[in-house]
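Inside the fold
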Protein chains: 2
Amino acid sequence: MALEIKPSQALKLWRQVHLDLVQDAHSDLSVRQTAILLTIYLELPPHTVRGLASRLGVTKPVITRALDSMGKLGLVTRRRDETDKRNVVIQRTVAGALAVEHLADLVTARARELGPA
Amino acid sequence: MALEIKPSQALKLWRQVHLDLVQDAHSDLSVRQTAILLTIYLELPPHTVRGLASRLGVTKPVITRALDSMGKLGLVTRRRDETDKRNVVIQRTVAGALAVEHLADLVTARARELGPA
DNA sequence: CCCGATCGTTACGGGGCCGTATCATTATCG
DNA sequence: CGATAATGATACGGCCCCGTAACGATCGGG
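Before going into details, it helps to say that this report is about the structure given with it.

Definitions and limits used
Residues numbered from 1 in each chain as written. Chains lettered and ligands numbered in written order. Predicted model: local features only at pLDDT ≥ 70, side-chain atom pairs only at ≥ 80, totals over all residues. Heavy atoms only, no water. Near = heavy atom within 4 Å. Polar contact = N/O pair within 3.5 Å; in protein donor to acceptor, adjacent residues only side chain to side chain. Helix = DSSP H or I, 4+ residues; strand = E, 2+ residues; numbered from the N terminus. Nonpolar A, V, L, I, M, F, W, Y, C, P; charged D, E, K, R; others polar. Contact = heavy atoms within 4.5 Å. Buried area = accessible area lost by both parts, 1.4 Å probe. Salt bridge = Lys/Arg side-chain N within 4 Å of Asp/Glu carboxyl O. Least-squares fit on C-alpha atoms with pLDDT ≥ 70 in both. Buried < 20%, exposed > 50% of the residue type's maximum accessible area, 1.4 Å probe, protein only. Axes fitted to C-alpha atoms, helices over the stretch in contact; angles between N-to-C directions. Parallel < 35°, antiparallel > 145°, perpendicular 65-115°, else oblique. Left-handed = near helix turned anticlockwise from the far one by under 90°. 1 Å grid on protein atoms, 1.4 Å probe; cavity = no way out; pocket = protein on both sides within 12 Å on 5 of 7 lines; lining within 4 Å. Points joined across faces, edges and corners; volume = space filled by probe spheres on them.

What follows concerns the protein's contact with DNA strand C. The immediate surroundings of DNA strand C are formed by 22 residues, with Arg-32 and Gln-33 of chain A together with Arg-50, Lys-60 and Thr-64 of chain B found nearest. At the protein interface, 72% of the atoms of DNA strand C within 4 Å belong to sugar or phosphate. One nitrogen or oxygen atom from the main chain of Val-49 of chain B is found 3.3 Å from a phosphate oxygen belonging to DNA strand C. Between DNA strand C and Arg-78 of chain B, the relevant distance is 2.8 Å, taken from a phosphate oxygen to a side-chain nitrogen or oxygen of the residue. Of all the secondary-structure elements, those providing two or more residues to the surface near DNA strand C are helix H2 (31–42) and helix H4 (60–72) of chain A together with helix H3 (49–56) and helix H4 (60–72) of chain B. The class makeup of the residues in the surface near DNA strand C is five nonpolar, seven polar and 10 charged.

The subject of this paragraph is the interface of chain B and chain A. Opposite the 42 residues of chain B that make contact, chain A presents 41 residues. Summed over both sides, the interface between chain B and chain A buries roughly 4200 Å², with carbon and sulfur atoms accounting for 75% of that surface. It is Leu-3, Trp-14 and Arg-15 of chain B that lose the most area in chain B upon contact with chain A, and together they represent 21% of the buried surface on that side. Notably, a salt bridge pairs Arg-15 of chain B with Glu-43 of chain A, separated by 3.0 Å at the nearest N-O pair. Where chain B touches chain A, the interface holds 10 residue pairs in polar contact (both at pLDDT 80 or more). In terms of residues, the side of chain B that touches chain A owes the most to one element, helix H1 (residues 7–23) of chain B, which gives 13 residues. For the side of chain B that touches chain A, the class distribution of residues is 26 nonpolar, eight polar and eight charged.

Rotating chain B by 180° and translating it 0.0 Å along the rotation axis places it on chain A, where the RMSD comes to 0.0 Å. Expressed as an axis order, the relation between the two copies is that of a two-fold axis. Of all interface residues in chain B, 98% are interface residues in chain A too; the two copies therefore contact each other through one and the same surface.

What follows covers the environment of Leu-21 of chain B. Along the polypeptide, Leu-21 of chain B turns up in helix H1. Look past the residues within four positions of Leu-21 of chain B in its chain and what remains in contact with it is Trp-14 and Val-31 of chain A together with Ser-27, Leu-103 and Leu-106 of chain B.

Below, the discussion takes up the protein's contact with DNA strand D. In the vicinity of DNA strand D there are 22 residues, among which Arg-50, Lys-60 and Thr-64 of chain A together with Arg-32 and Gln-33 of chain B approach most closely. Contacts to DNA strand D include Arg-65 of chain B, whose side-chain N or O atom sits 2.9 Å from a base oxygen. A distance of 3.5 Å separates a sugar or linking oxygen of DNA strand D from a polar side-chain atom of Arg-86 of chain B. Every element with two or more residues in the surface near DNA strand D is listed here: helix H3 (49–56) and H4 of chain A together with helix H2 (31–42) and H4 of chain B.

All chains considered together, the criterion is met by 12 salt bridges over all chains. Among the ionic pairs, Asp-68 of chain A bridges to Arg-78 of chain A, the shortest N-O distance being 2.2 Å. Residue Asp-68 of chain A is located in helix H4, and its partner Arg-78 of chain A is located in strand S1 (residues 76–80); the two are separated by 10 residues in the primary sequence. Residue class for Asp-68 of chain A comes out partly exposed when judged on its relative accessible area of 35%. The network of salt bridges with common partners includes Arg-15 of chain A together with Glu-43 and Arg-55 of chain B.

Residues and elements named next belong to chain B. At their nearest, the axes of H3 and H4 sit 8 Å apart, and the two run at 115° to each other. Comparing the axis directions of H3 and H4 gives the class roughly perpendicular. Crossing angle aside, the handedness with which H3 passes H4 is right-handed. Packed against H3, whose contacting residues are Val-49, Leu-52 and Ala-53, the element H4 presents Lys-60, Ile-63, Thr-64 and Leu-67 at the interface.

Of the pockets and cavities examined, the largest pocket occupies roughly 1300 Å³. Lining the largest pocket are 46 residues, and of these His-18, Ser-30 and Val-31 of chain A together with Ser-30 and Val-31 of chain B sit closest to its centre. Secondary-structure elements contributing two or more residues to the lining of the largest pocket are helix H1 (7–23), H2 and helix H5 (94–112) of chain A together with H1, H2 and helix H5 (94–112) of chain B. If one sorts the elements of the lining of the largest pocket by residue count, H5 of chain B sits on top with seven residues. What the second largest pocket holds in volume is close to 180 Å³. Thr-48, Val-49, Arg-50, Lys-60, Arg-86, Asn-87 and Val-88 of chain A are the residues that line the second largest pocket. Its residues assigned to classes, the lining of the second largest pocket shows two nonpolar, two polar and three charged.

None of this, on its own, says anything about what the molecule does.
Quick look at the structure:
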């Protein structure tokens, strides 16, 4: 059951949601951070720094720094893996889940307003 | 003719396209720059710095700097308005149109791959 | 004609993110 | 036990973006 969307509709949707994001003071996430956040909340745990780095095709420091920033915003938490203390397990938070849900609402709402052109 | 999309589909779409953008070396635009680019290419000309600033809810220097960056990438061009030499008219370019088209293809392709959940 | 208003740009200080290289900690294997 | 590998964090230098404030150029009304 694929989602049929015309290129012009896709652009309108993309633009409108981005306008919303720019004006929303709480949405200060970069493209990379958004990709990380959604991967954490959509793919099955556990998530590690290394796993996210290879999944996104970026270096590990990118993930570490993004987790620092998102941690300050309360969107994710880190905990050491007790079975292998080298690993760090990234955990979801209530605030993070709310942010993801907010984004989903934003996209669906703007999609609903799209015209046929 | 609204576009019906479920929240879970919206999130999957958003995530997948963002993963593509992160891995695409040519896509180095921030959220703000993307909003500006799409506004220029989707809304009717003429576009001015002041108009874009008020449309996005940001200050004028933000627009000026974004146009500088996007100009270096060849995505837009500026020209002084001869009738009122205080104004600057932002113009589209072939490279910018291609970039917008590429984004549209990306979104539509990923939407087509979505499952029903 | 002049002075205020408007437009876009630039200057400044601050902060964030990047990639590479390196580090400390921990696990693994001979 | 000791050497090696693996994991995540940190240091460094560089670049880009931000918001505020100021600036030069241009227009327009009195």
